[in-house]
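Coordinate analysis (summary)
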Amino acid sequence: MINSLYIGRSGLDAAKYSVDVTSNNIANENTEGYIKRTINTSELTTLEDDIGNGVSFDSVTRSTSVYLYDKLLNFRT
């Protein structure tokens, strides 16, 4: 029973980080030079074959598009 609470907590923690990053993206939408950020999560390793252990928050990465970046550089010159 207690393991299921830890699994639920890990999911809620990952969701909290996701909401924090999304709200930061919205707040900085019109800031010049700001690049959208996304979170990276992964499944925690399982102790048994059919039971999961939850979600791990791994990192935050910037989402960039090489095509749009090249267009931006060419637009300014």
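Since the model is a prediction, treat every value here as computed from it, not as a measurement.

1. Notes on the pattern of salt bridges
Counting across every chain of the model gives 2 salt bridges. Close ionic contact of Asp13 with Arg9 constitutes a salt bridge, the shortest N to O distance being 3.7 Å. Linking Asp13 with Arg9, this pair stays in helix 1 (residues 2-27), spanning 4 residues, or about one helical turn. What makes Asp13 partly exposed here is its relative accessible area of 30%. Measuring nitrogen to oxygen at the nearest pair gives 4.0 Å for the salt bridge that ties Lys16 to Asp20. Here Lys16 and its partner Asp20 are both found in helix 1, 4 residues apart, which amounts to about one turn of the helix. A residue is classified by how much of its surface remains accessible, and Asp20, at 39% relative accessible area, is partly exposed.

What counts, and where the lines are drawn
- Residues numbered from 1 in each chain as written.
- Predicted model: local features only at pLDDT ≥ 70, side-chain atom pairs only at ≥ 80, totals over all residues.
- Heavy atoms only, no water.
- Salt bridge = Lys/Arg side-chain N within 4 Å of Asp/Glu carboxyl O.
- Helix = DSSP H or I, 4+ residues; strand = E, 2+ residues; numbered from the N terminus.
- Buried < 20%, exposed > 50% of the residue type's maximum accessible area, 1.4 Å probe, protein only.

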